[in-house]
Amino acid sequence: MASVHSNEDLEAKDMDSRSLSSSRNHSQGAPYIHKVGVPPKQNLFKEFSNTLKETFFSDDPLRPFKHQPKSRKFILGVQAIFPIFEWGRGYNLLKFRGDLIAGLTIASLCIPQDIGYAKLANLAPQYGLYSSFVPPLIYAIMGSSRDIAIGPVAVVSLLLGTLLQDEIDHVKNPDDYRRLAFTATFFAGITQATLGILRLGFLIDFLSHAAIVGFMGGAAITIALQQLKGFLGINNFTKNTDIVSVMQSVFRSAHHGWNWQTIVIGVSFLSFLLLAKYIGKKKKNLFWVPAIAPLISVILSTFFVYITHAEKDGVAIVRHIEKGINPPSIDEIFFTGHYLAKGFKIGVVAGMVALTEAIAIGRTFASMKDYQIDGNKEMVALGTMNIVGSMTSCYVATGSFSRSAVNYFAGCQTAVSNIVMSIVVFLTLQFITPLFKYTPNAILAAIIISAVINLIDFQAAILIWKIDKFDFVACLGAFFGVIFKSVEIGLLIAVSISFAKILLQVTRPRTAILGKIPGTNVYRNIQQYPEATKVPGVMIVRVDSAIYFSNSNYIKESTQVQLPCRILRWLVDEEEQLKEAYLPSIQFLIVEMSPVTDIDTSGIHALEELHRSLQKRDIQLVLANPGPLVIDKIHASHVSTLIGEDRIFLTVAEAVSSCSPKLVEEPEV
C-alpha cells in the first residue's frame, strides 16, 4: 500500500509540474490565480498525421465515402472525378433553356476574340478557335464551376507568345514554333493537374491579389499597345512588348506607315464596341448588347471590305482560316530533344498564370451564386483539358473573365453553356471559316482593345492604396515591370514582391506595448487606445506572431549590447523616460503570448536569452496566456523551470495583480 501511495504521489507531482501552475500559496483573501493548462501529450505519429491532414486534406475529401457500401463508393468516386454525373441527374429543360441562351451568347463573343487572341500568341487564327472547341467540352465534364467560360484569354496568349518568341522566331520557323506551343500547353496541363492531384493548390495563393491587379493592368496596356499594329495598319512593327519600344515603332512609321482606311475602320468599330459595353454596363438586362457587338462588328467590317476591296488600298485582312475541326497533334509535341526543357519551363509559367486567373474567376462567381467550388478539382479539370488540348492542336486555355461575366448575366445554369459554345465553334470551323477571309485585322485589334480595358481595375488599385501601402508597392512593381520591360519580368516582380511581403511579415512581426483601459482589467495597445495607462514598474509587451527561427532574433535581444532588438529597445527607451521623470524603474516584463500560435527551438532559445538579459538588469520575465503548442514546448524545454512556474499566468490582469503588490511593498522596506 505504501508503494501504491508513493506512486500516486509521484504522479500527482508530475501532473502539478505539467500544469505549470501560475499560482503560488496565497494568503487568505488574496485573489485566486488560475493555472495555465497543458494539453495531453499526443502520439508522435498521430500528431504528424493530423498536421499532414490539416495541410493537404483540410476539407476531408473522403468524408462522403465513410460508412457507404462499395457500389455507392464507386458511384461517389465517379462523381468526384466527373461532377457532370452528379448535377446531371437533376438537369431539366428549364436549365437547358438558360444554358442554351448563355452558350449562344458567349459563342458570339468568343469567335472573334479567339481569332484575335491567336494572333497575340503568334499562331494562325484557327488555333484560337480550336482552343474553344475541345477544352470547354472536357471542362464541362470535369469542372465544378457553373459559370466559368473556357477558352483562350488575352493575358495568357500574350505571355505564351512572348515566351515562345524568345525561343523560336514564328516567322522564320513556324512549324517548330507551333510544336513548342503544343509542348508548353502539354506541360501547362501537367502542372495544373499535378497541383490538383497532390492538393497543392495553396501555392497559387502566394501570388497576392495586389500583385495580380498590377500584373493584369500592365498586361492589358501591353496587349492594347500591341494592337496598334493592326489598328493603325503598320507593316514594320517592333517585336518587343515594352511601352518605349512600341511607341518608338509607332511614331517612326507615322509619316509613311499608317493606313488611313485601316484607322477609320478601327476607330469606328472601337467606338461602337465601347458604346455597346457602356449600354450593357448601365442596363444589366441588355447584357447581350456588348456580347454580340464583336460578332456584328466582324460581319459588318468583313462585308464592307469585301464590297469595297479595301485590301487593295493597304487594309490588312485575315485572308485565310483553315477549315475543319482540330487535327491531332500528339506527334508534334517535343517529348525529347533541345526544346523539351524550354517547353516545360514555358508551360509551368503559363499554366500557373492561367490557373490563378481561372480559380479567381471561379471563386468570384461561385460566391455571387452562393455555392462552393473545389479548388483541387478545378485544377485537375483545367489540367486535363489542356493536356487533351495539346494533343488536339490547342494552346493554353483557361477561364475568361469577360466571357464568364457574359455567361453569368445571360442566365447560365450549369457547364452545359460551355458545351453549347463548343458546338457553335465546331459548326463555325466546319462551315463558316471561309467567310472570315476578308475580315480586317483592324476589327480584331478593336475587339481585343475593348476586351482588355476591363482588366485595368482603377478602383481595386485605389482600394489597395487605402488598405495597405506595401501591397500598393507590389501592385505598382508588377504594373511597371510589365509595361516597361516584359510580361515575364512583370510576373517575376509580382511573385518576388509577394514573397518579400511574406518574408517581411515573418521576420518582422508586429509587437505592441500594452496599457490598462481605465475602469477595466483589459490591457490593450497604447497606440490604438491612448487612454490606456501603463502600470508602474511593469512593462507589458505583446508579440503578434508565432516565434520561429526567422524572427526570434528580432524579438529577443541581439548578441551585441549596442544593438538591442524590439523588446529590449523598448525596455531601454522606457527606462530612460522613467529615469528622467524620477519614477520607479521597470521590475517586471510581461510578455502577452496569446497571439503566439507556435514556437520553435530558436524561439525557445530567444526566450532563454531574453530571460538572461533581463536578469542582468534585475528585471523578472513573466509570460501571460501561452497557447497549447507554446506551453507544451516551454515545458518540454524546461524554460518553465528557468523562468519559474509561478511566473506563467493565464491572463495579463492576473500577471499584473501578482507583480503589483511587490511594487507597493518595496518602497516601504
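This is a predicted model, so every value here is computed, not measured.

**Some points on the overall build of the protein chain**
Okay, step 1: A tally of regular secondary structure across the protein chain gives 28 helices and eight strands.
Okay, step 2: Burial analysis of the protein chain (669 residues in total) assigns 50% to the buried set.
Okay, step 3: Taking as baseline every contact in the protein chain between residues at least 6 positions apart, the subset at least 24 positions apart corresponds to 79%.
Okay, step 4: As presented, the protein chain carries roughly 32,900 Å² of accessible surface, and 62% of it is formed by carbon and sulfur atoms.

**What about the packing of aromatic side chains?**
Okay, step 1: Considering all chains together, one arrives at 16 aromatic pairs under this definition.
Okay, step 2: Pairing phenylalanine 186 with phenylalanine 187 gives two aromatic rings, centres 5.3 Å apart and planes at 80 degrees, and the pair type is edge-to-face.
Okay, step 3: The buried category is assigned to phenylalanine 186, whose relative accessible area is 11%.
Okay, step 4: Through pairs of rings, three or more aromatic residues link up here, namely Phe186, Phe187, Phe335 and Phe344.
Okay, step 5: Note that arginine 146 overlies the ring of tyrosine 371, its terminal NZ or CZ placed 4.0 Å from the centroid.

**Re empty space enclosed by the protein**
Okay, step 1: For the structure on display, the rule yields four cavities of 30 Å³ or more.
Okay, step 2: In this structure, the largest cavity spans a volume of roughly 140 Å³.
Okay, step 3: What lines the largest cavity is simply Tyr117, Val153, Ala154, Val155, Glu357, Ser400, Phe401, Ser402, Ala451, Val452, Asn454 and Leu455.
Okay, step 4: Residues belonging to the lining of the largest cavity are distributed by class as follows: eight nonpolar, three polar and one charged.

**Quick word on the layout of surface pockets**
Okay, step 1: Empty space within the largest pocket amounts to approximately 1,500 Å³.
Okay, step 2: For the largest pocket, the lining is made up of 45 residues, of which Phe401, Ser402, Ala405, Asn454 and Leu455 are closest to its centre.
Okay, step 3: Contributions of two or more residues to the lining of the largest pocket are made by helix 5 (93-120), helix 10 (209-226), helix 13 (260-282), helix 14 (288-308), helix 15 (338-369), helix 17 (401-409), helix 19 (441-452) and helix 20 (458-467).
Okay, step 4: Examining the composition of the lining of the largest pocket, we find that nine residues originate from one element, helix 15, more than from any other.
Okay, step 5: For the lining of the largest pocket, the class distribution of residues is 29 nonpolar, nine polar and seven charged.

**Section: the pairing of strand 6 (residues 588-592)**
Okay, step 1: Here strand 6 lies mainly inside the structure; five of its five residues are buried.
Okay, step 2: Here strand 6 shows two buried faces, one formed by Phe588, Ile590 and Glu592 and the other by Leu589 and Val591.
Okay, step 3: Relative to strand 7 (residues 620-624), strand 6 is paired through five bridges, and the arrangement is parallel. Across the sheet, the residue bridging to isoleucine 590 is valine 622, located in strand 7.
Okay, step 4: In this region the chain leaves strand 6, passes through helix 25 (residues 601-616) and returns to the parallel neighbour strand 7; the handedness of that crossover is right-handed.

**Remarks on the pattern of salt bridges**
Okay, step 1: Under the definition given, this model contains eight salt bridges.
Okay, step 2: As a salt-bridge pair, glutamate 167 and lysine 342 come within 3.0 Å of each other at their nearest N and O atoms. One end of the pair, glutamate 167, is in helix 8 (residues 154-167); the other, lysine 342, is in helix 15, with 175 residues separating them in the sequence.
Okay, step 3: When its relative accessible area of 26% is taken as the criterion, glutamate 167 is described as partly exposed.

**A few points about the sheet that holds strand 3 (residues 511-516)**
Okay, step 1: Within the open sheet, the six strands sit side by side as 4-3-5-6-7-8. Their pairing is mixed. Each edge of the open sheet carries a strand with a single partner, namely strand 4 (523-525) and strand 8 (648-649).
Okay, step 2: Where strand 7 lies against strand 8, two bridges are found, and the strand directions are parallel. When the sheet's bridge partners are listed, leucine 623 is paired in strand 8 with isoleucine 648.
Okay, step 3: Contacting strand 6 and strand 7, helix 25 crosses the sheet at an angle of about 140 degrees to strand 7.

**Describing the packing of helix 5 against helix 17**
Okay, step 1: Interhelical geometry of helix 5 versus helix 17 gives an angle of 165 degrees and a closest axis separation of 9 Å. Relative to helix 17, the element helix 5 is oriented roughly antiparallel. Here the hand of the crossing between helix 5 and helix 17 comes out right-handed. Contact with helix 5, carried on its side by Ala102, Thr105, Ile106, Leu109, Cys110, Gln113, Asp114 and Tyr117, involves Ser402, Arg403, Val406 and Asn407 of helix 17 and no other residues of that element.

**Considering unusual backbone geometry**
Okay, step 1: A positive phi angle is found at arginine 319, which is not glycine, with a value near 75 degrees.
Okay, step 2: By the secondary structure assignment, arginine 319 is in the loop between helix 14 and helix 15.
Okay, step 3: Phi at aspartate 370 is positive, roughly 60 degrees, even though this residue is not glycine.
Okay, step 4: In this fold, aspartate 370 is placed in the loop between helix 15 and helix 16 (375-390).
Okay, step 5: On the basis of relative accessibility, which here comes to 70%, the residue aspartate 370 falls in the exposed class.

**Section: the nonpolar core**
Okay, step 1: With 115 residues, the main nonpolar core has Leu160, Phe215 and Ile223 as its most contacted residues.
Okay, step 2: Not counting chain neighbours up to four residues away, the residues in contact with phenylalanine 215 comprise Val155, Val353, Ala478, Phe479, Val482, Val487, Gly490 and Leu491.
Okay, step 3: Counting residues in each nonpolar core, the second largest holds 31 residues, with Leu578, Ile619, Ile631 and Val639 among its members.

**What to know about the confidence of the model for the protein chain**
Okay, step 1: Here the protein chain averages 83 in pLDDT, while 87% of its residues score no lower than 70.
Okay, step 2: Here residues 662-669 is a poorly scored stretch, pLDDT under 50, and it has eight contacts once near neighbours within four places are set aside; other chains count.

**Brief notes about a nonpolar patch on the surface**
Okay, step 1: A cluster of nonpolar side chains, namely Ile423, Leu427, Phe431, Ile432 and Leu435, defines an oily patch on the protein surface of about 500 Å² accessible area.
Okay, step 2: With respect to the helices and strands, the residue isoleucine 423 is situated in helix 18 (residues 416-432).
Okay, step 3: The class of isoleucine 423 is partly exposed, set by a relative accessible area of 46%.

**A short note on the pairing of strand 3**
Okay, step 1: Counting buried positions over the six residues of strand 3 gives five, a clear majority of the element.
Okay, step 2: The sheet contact formed by strand 3 and strand 5 (residues 538-543) spans four bridges and is antiparallel. Considered in strand 5, the bridge of alanine 512 is made with arginine 542.
Okay, step 3: Across three bridges, the pairing between strand 3 and strand 4 is antiparallel. The residue bridging leucine 514 from the neighbouring strand is asparagine 525, located in strand 4.

**Side note on helix 25**
Okay, step 1: With 16 residues, helix 25 extends 23 Å from end C-alpha to end C-alpha; this agrees with the ideal 22 Å at 1.5 Å per step.
Okay, step 2: Every buried residue of helix 25 is accounted for by Gly603, Ile604, Ala606, Leu607, Glu608, Leu610, His611, Ser613 and Leu614.
Okay, step 3: Of the residues that open helix 25, the one with a side-chain oxygen 3.2 Å from the backbone nitrogen of serine 602 is aspartate 600.
Okay, step 4: Phi for aspartate 618, located one or two positions after helix 25, is positive at around 60 degrees.

Criteria and cut-off values
Residues numbered from 1 in each chain as written. Predicted model: local features only at pLDDT ≥ 70, side-chain atom pairs only at ≥ 80, totals over all residues. Heavy atoms only, no water. Helix = DSSP H or I, 4+ residues; strand = E, 2+ residues; numbered from the N terminus. Buried < 20%, exposed > 50% of the residue type's maximum accessible area, 1.4 Å probe, protein only. Contact = heavy atoms within 4.5 Å. Areas by Shrake-Rupley, 256 points an atom, 1.4 Å probe, with all protein chains shown as cover. Phe/Tyr/Trp six-rings, centres within 6.5 Å; stacked < 30°, edge-to-face > 60°. Lys NZ or Arg CZ within 6 Å of the ring centre and 35° of its normal. 1 Å grid on protein atoms, 1.4 Å probe; cavity = no way out; pocket = protein on both sides within 12 Å on 5 of 7 lines; lining within 4 Å. Points joined across faces, edges and corners; volume = space filled by probe spheres on them. Nonpolar A, V, L, I, M, F, W, Y, C, P; charged D, E, K, R; others polar. Pairing = 2+ DSSP bridges. Right-handed = clockwise from strand over helix to strand, strands pointing away. Salt bridge = Lys/Arg side-chain N within 4 Å of Asp/Glu carboxyl O. Axes fitted to C-alpha atoms, helices over the stretch in contact; angles between N-to-C directions. Parallel < 35°, antiparallel > 145°, perpendicular 65-115°, else oblique. Left-handed = near helix turned anticlockwise from the far one by under 90°. Core = buried A, V, L, I, M, F, W, Y, C linked by side-chain atoms within 4.5 Å. pLDDT = per-residue confidence, 0-100. Patch = residues over 30% accessible without salt bridge, like charges linked within 9 Å, V, L, I, M, F, W, Y side chains within 5 Å. Expected span 1.5 Å × (residues − 1). Polar contact = N/O pair within 3.5 Å; in protein donor to acceptor, adjacent residues only side chain to side chain.

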